Amino acid sequence: MSKVVEEKKEVTIVFAGDSGDGIQLTGTQFTNTNALFGNDVSTFPNFPAEIRAPQGTLAGVSGFQLHFGSVEISTPGDNCDVLVAMNAAAFKVNFPRLKKNGTVILNTDGFNARNLKLADYDVSPIEDGSLNDFRCIQIDVSKMTRITLVDSGLGKKEVDRSRNMFVLGFLYYMYNRNLTATEEFIKEKFSKQPDLRDANIKVLKAGYNFADTSETFTSRYNVKAAQLKKGKYRNIMGNQATALGIIAASQKSGLDLFYGSYPITPASDILHELAKHKNFGVKTFQAEDEIAAICSVIGASFGGKLGVTASSGPGIALKGEALGLGTILELPMLICNVQRGGPSTGLPTKTEQSDLLQAMYGRNGEAPIPIVSASSPSDCFNAVYEACRIAVEHMTPVIFLSDGYIANGSEPWNFPTKDKLKPIIPKIKKEKGQEAYLPYKRDEKLVREWALPGTSGLEHRIGGLEKENETGNVSYDPDNHQLMVEIREEKVKKIADSIPLQPINNGVEDGDVLVLSWGSTYGVVKTAVKQCVEDGLKVGHAHVRYLNPFPNNLGDILKDFKTVIIPEMNRGQLLKIVRDKYLVDAKGINKVKGIPFTTDEIIDAIKLHLKD
Amino acid sequence: MAEQLVYTAKDFATDQDVRWCPGCGDYSILKQVQSIMPELGRSKEDIVFISGIGCSSRFPYYMDTYGMHSIHGRATAIASGLKISRPELSVWVITGDGDALSIGGNHLIHMIRRNFDLNVLLFNNEIYGLTKGQYSPTSPEGKITKSTPVGSIDHPFNPLKLCLGADSTFIARTMDRDPKHQREILLKGSKHIGTSIIEIYQNCNVFNDGAFEVYTDKATKDDEVLMLEHGQPLVFGKEDDKGIRLVGSEPTVVSLNEVSKNDLWIHNEHDKFKAQLLTSFFDDPSVEGHLPRPFGVFYSEDRFRYEELMESQIKEAVEKKGVGNLDLLLSGSNVWEVA
């Protein structure tokens, strides 16, 4: 039967199932197809720490949230219009976020007695009236998949594994998208297993055709392409953008990339991505532990390379002593922290912004390190590139802060070309001059020269002991130590002169409330502030990328508003630093649930403070 | 500047005052290392010394090459990163028993299995000197120190056995008080392509004086030291009158009055099984019937180096995919255009 086509400006879909159901893959495919179509998109994967948590349990639910539209999309969406649940547990976990009158697509096979028991249901939610206010599409996906592949010769396990393709095909029909991109993906993924390739494509098409011919729903949806800024786009995940930004910095600076790291969630994908690009001269070293990772980077930096390591909070804690060494040596290196919930092992697969104070202060002695943070998946590219530039041009370790939310999230990226990237100029001393080489002699920015092993006449020794000004010889002189501590501090402060001033990113330039944010909260704060401004409130939004040093004008901006509020996925870390540095009575909005803020949470907080 | 390859030991001394305690064994090692440098055939600027923390780790400050005095236990990891990124450099790691075997134990074994072409000088004085006299992971059981007033209850590491256990491709032992032997072993180690581990018995005359005296004192050394030479029988004793013979799998001391030299254990540097037995010659010299302590090259083997394989993987990637093109990398394969 023919179906009515309804126009939609934006849609949020949550795919949910067991962590072995291929949910992340299904979500990613649906995202890529929509992005290629021209929608603006934002995604948020949410999966358990266990690789294969017990099947059918609440703990084992893996989710993928996708927000796409013909309008500007800045967040993965607070609540969803459509919930795809492969079993009862997946339904239970995500149902509270389904909008009133939303659509739920259920795999009925995942609601059998066993599934219901595992999800703690006495009565199936399909039968107890819970779904009365929603549109419910019930499909026995397992059965349909098995029928489709009855002649495939594949075993039951392999057949069931392609169930996700049925759902994907179904949604492609529902949202009026073609199958081409996913077909190409399947062909590449299973290029060496033709039986699996054919099976997956067959099931994908079966899902599509089933949606077309069955009477499970009556209207299809059309989400037109978004009016994005002119240019070329691709879809990109945060960790991938981080890896590309690092390679770009290596290419532009002319320094080969050395990447030493130890596997840790959620940072490992940076290693995986970099390891693919050996033809860029990239050397990736999977070290025996976090300490060896940062130390190998120090060795490589001493050797004249762009040394980079990445980890998450617990790993960064282990690197602390070596970061102090990097600081006193004054060698360029980049340390990426893809933050996750803490303390200790905490919530490895969930997001948090609770390592800002660690980045700022987490070393012995006075050891200031510049910090740059990313605000969205694609922004990881720009932010990490800037972090590398500062490291190389200012001869210092730099910490780049990302988090699990943007690391695994994705969005369209208006990618740059090589010639549009800022130059990065290393301060390498190429040959011996008239005077003896002084390793800690500085220029007006207080940056020393980098002399590399292999350069005749510049042989020198550096180390972790306090060094005499200019010569770098070991010195225990009290005045010299005071001087050197101050010089290293001043050197980092001076970086503020070579970074952009802080803009007001959204909303009014001065007024009642300034929302000051950093990191992955950008999208949600932007959406909230825009909404408030539309409602006639005098609210501005400044999003701080450079956290150490701050842009020179940040203090002035804070004074232009009656109230400053700082939303963070921590207990108030930027808040502490801002209050300390600028003596403003800023207020925190703090959430530590392992999941990002919703727009309403920010709006409510703004309105609450407007009343004060 | 023209390349100057003809150096003397003096060219490797810096203007810094050497600050070890008077009488420290480290002086002798510094002298021998400086003396073999001209024989490496390498330009001074291509040589790098990396150390951790401890008395011995001051070493790089006294070598007029490139150098880094780093943090405790991590010289091995720093040298690994340097060697991967600059395979052409001659990299030397200076470490001690605390630095290499206690706080840096993990990096040591992983460096060894990867077999970077590095030279590691492990100064073993069986004590923590810089922190003023606590027992170390090589101190013998019962050792009385500041932190073990009634004797250590730690069983010590046998460093060379540990290294061989991590599949070391070169292990040797020498001592500070035998400069000639030290020089010979340093040269052999420097020529080995792969990680060469040289354990140097080094006397700490302040906190552990005489720890190795039985191996250096004229009165005892001949009966306590077993000098290993490739292709030669294991002979020792004042009159070269004793030898080691394998009885089954058990090394046994025999008198050369009773057994012919031809029937002794002939040392073969490339025999991994016998090398394992040799590293087990680790008896307490005060125990009756103990085996002598071997010095020299225990084992050497040619095995691929990590940094070489990494270089060849990169070369292969370039051959296969061409030199990386940043613009193509940034665009990826799924691009759409908004007009």
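Predicted, not measured: the structure shown is a model, and the values here were computed from it. (Residues numbered from 1 in each chain as written. Chains lettered and ligands numbered in written order. Predicted model: local features only at pLDDT ≥ 70, side-chain atom pairs only at ≥ 80, totals over all residues. Heavy atoms only, no water.)

## A few points about the overall build of chain B
Next, step 1: Broken down by element type, chain B carries 11 helices and 12 strands.
Next, step 2: Counting only C-alpha atoms, chain B reaches 95 × 45 × 45 Å along its principal axes.
Next, step 3: Buried positions account for 55% of the 339 residues belonging to chain B.
Next, step 4: For chain B, the proportion of contacts with a sequence separation of at least 24, taken over those separated by at least 6, is 66%.
Next, step 5: For chain B, the accessible area works out to roughly 14700 Å², and carbon and sulfur atoms hold 51% of it.
Next, step 6: For chain B, the centre of its 35 positive side-chain charges and the centre of its 48 negative side-chain charges are spaced 2 Å apart. (Helix = DSSP H or I, 4+ residues; strand = E, 2+ residues; numbered from the N terminus. Buried < 20%, exposed > 50% of the residue type's maximum accessible area, 1.4 Å probe, protein only. Contact = heavy atoms within 4.5 Å. Areas by Shrake-Rupley, 256 points an atom, 1.4 Å probe, with all protein chains shown as cover. Lys, Arg positive; Asp, Glu negative; His and termini not counted. Charge placed at Lys NZ, Arg CZ, Asp CG, Glu CD.)

## A few points about the sheet that holds strand 9 (residues 242-247) of chain B
Residue and element names in this part refer to chain B.
Next, step 1: Taken in spatial order, the three strands line up as 8-9-10 in an open sheet, and their pairing is antiparallel. Of all strands in the sheet, those bounded by a partner on one side alone are strand 8 (235-236) and strand 10 (250-255).
Next, step 2: With two bridges connecting them, strand 8 and strand 9 associate as antiparallel partners. Counted as the bridge partner of Phe236 is Lys242 from strand 9. (Pairing = 2+ DSSP bridges.)

## Let's talk about the environment of B:Asp11
Next, step 1: Along the chain, the position of B:Asp11 falls in the segment before helix 1 (26-36).
Next, step 2: With relative accessibility at 25%, the residue B:Asp11 sits in the partly exposed group.

## What to know about the domain arrangement of chain A
Residue and element names in this part refer to chain A.
Next, step 1: Here the domain parsing of chain A yields domain 1 (4-222), domain 2 (234-420), domain 3 (428-498) and domain 4 (506-611).
Next, step 2: Our count for the contact surface shared by domain 1 and domain 2 stands at zero salt bridges.
Next, step 3: Taken together, the connections running from domain 1 to domain 2 amount to three residue pairs in polar contact (both at pLDDT 80 or more).
Next, step 4: Elements with a minimum of two residues in the side of domain 1 that touches domain 2: helix 1 (23-37) and strand 3 (40-46). (Domains from an automatic or database assignment. Salt bridge = Lys/Arg side-chain N within 4 Å of Asp/Glu carboxyl O. Polar contact = N/O pair within 3.5 Å; in protein donor to acceptor, adjacent residues only side chain to side chain.)

## Some remarks on the pattern of salt bridges
Next, step 1: Enumeration over the complete set of coordinates arrives at 41 salt bridges over all chains.
Next, step 2: A salt bridge links B:Arg303 to B:Glu301, with the nearest nitrogen and oxygen atoms 4.0 Å apart.
Next, step 3: Between B:Arg305 and B:Glu308 there is a salt bridge, and its shortest N-O distance comes to 3.1 Å.
Next, step 4: Via salt bridges that share partners, A:Glu386, A:Arg389, A:Glu393 and A:Lys422 belong to a single interconnected network.

## Notes on the nonpolar core
Residues and elements named next belong to chain A.
Next, step 1: If you look at the biggest cluster of nonpolar residues, it comprises 151 residues, and the most contacted ones within it are Leu334 and Leu516.
Next, step 2: A per-element tally of this core places helix 15 (residues 379-394) first, with 10 residues.
Next, step 3: Here Leu516 is in contact with Ala542, Val544, Leu554, Leu558, Val564, Ile565, Ile566, Pro567, Leu574 and Val578, once residues within four sequence places are set aside.
Next, step 4: Phe190, Leu204, Phe210 and Tyr233 belong to the second-largest nonpolar core, a separate cluster that totals 49 residues. (Core = buried A, V, L, I, M, F, W, Y, C linked by side-chain atoms within 4.5 Å.)

## Section: the environment of A:Lys467
Residues and elements named next belong to chain A.
Next, step 1: As for its position among the elements, Lys467 is in the loop between strand 19 (461-463) and helix 17 (478-494).
Next, step 2: Distance in space between the C-alpha atoms of Lys467 and Asn39 is 56 Å, their sequence separation being 428 residues.
Next, step 3: Excluding anything up to four places from it in sequence, Lys467 contacts Ile328, Tyr440, Gly472, Asn473, Ser475, Asn480 and Met484.

## Focus on unusual backbone geometry
Residue and element names in this part refer to chain A.
Next, step 1: Cis geometry is found at the peptide bond from Thr265 to Pro266, where omega equals 0°.
Next, step 2: Within the secondary structure, Pro266 is located in the loop between strand 10 (257-261) and helix 10 (268-275).
Next, step 3: Of note, the bond from Gly342 into Pro343 is cis; its omega dihedral lies within 30 degrees of zero at 0°.
Next, step 4: Positionally, Pro343 belongs in the loop between strand 13 (333-339) and helix 14 (356-361).
Next, step 5: The phi angle at Asn176 is positive, at roughly 60°, despite the residue not being glycine.

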